[in-house]
Amino acid sequence: MFFASDNWAGAHKSIAERLLAESTGFAAAYGAGDLDKKVEARFAEIFEREVSVFFVATGTAANSLSLASVQRPGGIAFCHTAAHVIADECGAPEFFSSARLHGVPGQDGKIDPAKLAEKIAAFPQTAVMHGRATAVTITQATEVGTVYSLAEIDEIARIAKRDNLPLHMDGARFANALVALGATPAEMTWKRGIDMLSFGGTKNGCWCAEAIVFFNPEQAKEMPFIRKRAAQLFSKSRFIAAQFDAYFQDGLWLDLARHANGMSDRLRAGINASNSARLSWPTSANEVFAVIPKSAARNAVERGAKFYEWPVPPATPELVGPDETLIRLVTSFATSEADVDGFLDCLAA
Ligand SMILES: Cc1ncc(COP(=O)(O)O)c(C=O)c1O
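In this convention, every chain numbers its residues from 1, walking through the sequence in written order. Side-chain atom pairs in this predicted model are given and counted only at pLDDT of 80 or more, local residue features only at pLDDT of at least 70, and totals for whole chains, interfaces and linings cover all residues. Computation of side-chain values covers all heavy atoms of the structure but excludes hydrogens and water.

Caption draft 1: Layout of the overall build of the protein. Secondary structure follows DSSP: runs of H or I at least 4 residues long count as helices, runs of E at least 2 residues long count as strands, and numbering of each begins at the N terminus. Along the protein, the regular secondary structure elements total 14 helices and 11 strands. Within the protein, the fraction of its 349 residues that count as buried is 54%. Within the protein, residue pairs in contact and separated by at least 24 positions form 74% of the contacts whose partners lie at least 6 positions apart. Surface accessibility in these figures is a Shrake-Rupley result with a 1.4 Å probe; residues are shielded only by whichever protein chains are displayed. As displayed, the protein has an accessible area near 15,100 Å², and 55% of this comes from carbon and sulfur atoms. Each residue is assigned to one of three classes by its accessible area relative to the maximum for its type, calculated with a 1.4 Å probe on protein chains only: buried under 20%, partly exposed between the two thresholds, exposed over 50%. For this analysis, residues touch if any pair of their heavy atoms sits within 4.5 Å.

Structural data, given as structure tokens:
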């Protein structure tokens, strides 16, 4: 019953086998090998346009270097107040990009467009003392399990583009958002105005595979140098390529995300049906937030369930009663129906 995070899950068998299959022989290093080129071409097919792709090791690196690629002195990058980039990356995006991150509030883990417009206006291009707006970043799926609709991305893009601000998407859970929306990769990104994407594979069945995808290769010109200086250029890059090659084969990546989301649907249905627990807010990807009795949480832990108790959002202290706790449950490609049903049993007991 592992619901602590999707990166607690191992790697999918097909991806592990592909790594082994690619582990013999020789291939050009530093991204120049045939497999690297094949996978870059595959990204272009998936996104239905020319793209520039840069493999990196972690989601934090993908976010940090994406933001670094568009920064100018005195830059401010806007994100949601609870975004991973501002809350959980130890300042790496600021360290690598030299931009300052500025949090914008909004319901359901999504940036409020009107507040974004206000914040951007507070940092005009001539504001030497305050710094200037230089980028906007959104997370899809969000940190609280919700998903921006295509229309919501359009609205954020419209505001960013009004001031010529590049728009980045943190897609650590890109596949989960995609299948939740039923959109194509192109529809959820460049067709909406996303300029660069942190494309996550690790949480959804890879060993360690993340990529930065630029939809306008012109914007990626400095990236080879930015990545190398950040020590993220892999000599044996073919092993990241191998993971993505298996990940994309026969739509495996989408199947894995559908499974993970389906397991969250099962949790959501079980919690909705329970008379002791309730969903704290609606989610549609592979994360579920629920309010459960503290006694049920203890019971689940004793039975071996792994999950995190979550801080109650300060704006809604009434969400959780005195004998209750807020928990986060994350499902993955490796979650089974038995795991979900076992957890639901703990709530019932
Ligand atoms: C929304 C989001 N972005 C980025 C990351 C980056 O992860 P890492 O640097 O641990 O690979 C995570 C990981 O939990 C995440 O949840």
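Caption draft 2: Molecular detail of the pairing of strand β7 (residues 210–214). Summarising burial for β7: five of the five residues are buried, a large majority. On β7, burial covers both faces: E210, I212 and F214 on one face and A211 and V213 on the other are all buried. For two strands to pair, DSSP has to find at least two bridges joining them. Here strand β1 (residues 52–56) runs beside β7; their pairing, made up of five bridges, is antiparallel. Among the inter-strand pairings, S52 is bridged to a residue of β7, identified as F214. For strand β6 (residues 196–200) and β7, the ladder comprises five bridges, and the chain directions are antiparallel. If you follow M196 over to β7, its bridge partner there is F214.

Caption draft 3: The arrangement of the layout of surface pockets in detail. As a volume, the largest pocket reaches approximately 1,200 Å³. Every definition here rests on a 1 Å grid over the protein atoms only: cavities are sets of points where a 1.4 Å probe fits but cannot get out, pockets are open sets enclosed by protein on both sides within 12 Å along at least five of seven lines, and lining residues have some atom within 4 Å of a point. In this structure, the largest pocket is lined by 45 residues; those nearest its centre are A82, G109, E143, V144 and W310. Elements that contribute at least two residues to the lining of the largest pocket include exactly α3 (59–68) and α4 (84–87). Ranked by the residues each element gives to the lining of the largest pocket, the list is headed by α3, at three residues. Side-chain classes follow a simple rule in which Ala, Val, Leu, Ile, Met, Phe, Trp, Tyr, Cys and Pro form the nonpolar group, Asp, Glu, Lys and Arg form the charged group, and the remainder, Gly included, forms the polar group. Of the residues assigned to the lining of the largest pocket, the class counts are 18 nonpolar, 17 polar and 10 charged. Grid points are joined across faces, edges and corners, and a volume is the space filled by probe spheres set on the points.

Caption draft 4: Expanded view of the sheet that holds strand β8 (residues 278–279). In spatial order, the strands read β8-β9-β11-β10; together these four strands make up an open sheet with antiparallel pairing. Looking at strand neighbours, the two that pair on one side only are β8 and β10 (308–309), the edges of this open sheet. In this structure, β8 lies alongside strand β9 (residues 287–293), joined through two bridges in antiparallel fashion. When the bridges of β9 are listed, R278 appears paired with V291. Helix axes are fitted to C-alpha atoms over the stretch in contact, other axes to C-alpha atoms as well, and angles between N-to-C directions run from 0 to 180 degrees. Against the sheet, helix α12 (residues 252–273) touches β8, β9 and β11 (324–330), its axis set at about 25° to β9.

Caption draft 5: Main features of a nonpolar patch on the surface. Nonpolar side chains (Val, Leu, Ile, Met, Phe, Trp, Tyr) within 5 Å and like charges within 9 Å form the patches, drawn only from residues with over 30% relative accessible area and no salt bridge. Take a side-chain nitrogen of Lys or Arg and a carboxyl oxygen of Asp or Glu: if they are within 4 Å of each other, that pair is a salt bridge. Where nonpolar side chains cluster on the molecular surface, the patch consists of F2, W8 and Y308 and spans about 350 Å² of accessible area. If you trace the backbone, Y308 turns up in strand β10.

Caption draft 6: Main features of the site of the ligand. By convention in these notes, a residue is near a molecule or strand provided one of its non-hydrogen atoms lies within 4 Å of it. In the vicinity of the ligand, the contacting residues are T58, G59, T60, N63, H84, E89, T139, E143, D170, A172, R173 and K203. For the purposes of these results, a polar contact is taken to be a pair of N or O atoms within 3.5 Å, where, inside protein, one atom must be able to donate a hydrogen and its partner to accept one; residues adjacent in sequence count only when each atom of the pair is a side-chain atom. Taking H84, its side chain carries an N or O atom lying 3.3 Å from an oxygen atom of the ligand. Judged by its atoms lying within 2 Å of the grid points, the ligand is housed in the largest pocket. Examining the composition of the shell around the ligand, we find that three residues originate from one element, α3, more than from any other. For the shell around the ligand, the residue count by class is one nonpolar, six polar and five charged. Pocket or cavity membership: a molecule qualifies when more than half of its atoms sit within 2 Å of the grid points of that site.

Caption draft 7: Focus on α3. Counting buried positions over the 10 residues of α3 gives eight, a clear majority of the element. Three or more residues of α3 are buried, namely A61, A62, N63, S64, L65, S66, L67 and A68.

Caption draft 8: The arrangement of the side chain of T139 in detail. You can see T139 is positioned in strand β4 (residues 132–139). Leaving out residues up to four positions away in the same chain, T139 has contacts with A83, Y148 and D170.

Caption draft 9: How the structure looks around the nonpolar core. In this text, buried Ala, Val, Leu, Ile, Met, Phe, Trp, Tyr and Cys residues form a nonpolar core when linked through side-chain atoms within 4.5 Å. F43, V136, F199 and F244 are the most contacted members of the largest nonpolar core, which has 60 residues in total. Domain assignment of the residues forming this core places at least three in each of domain 1 (13–250) and domain 2 (253–348). Sequence-distant contacts of F199, that is, excluding residues within four places in its chain, are made with F43, F47, G171, F174, A209, E210, A211, V213, F244, Y247, F248 and W253. All domain edges in this entry derive from an automatic or database-based domain assignment.

Caption draft 10: Representation of the environment of L35 within the structure. In this structure, L35 sits in helix α2 (residues 34–47). In sequence terms L35 and A241 are 206 residues apart; their C-alpha atoms lie 6.2 Å from each other. In this view, L35 contacts E22, R238, A241, A242 and D245; residues no more than four positions away in its chain are not counted.

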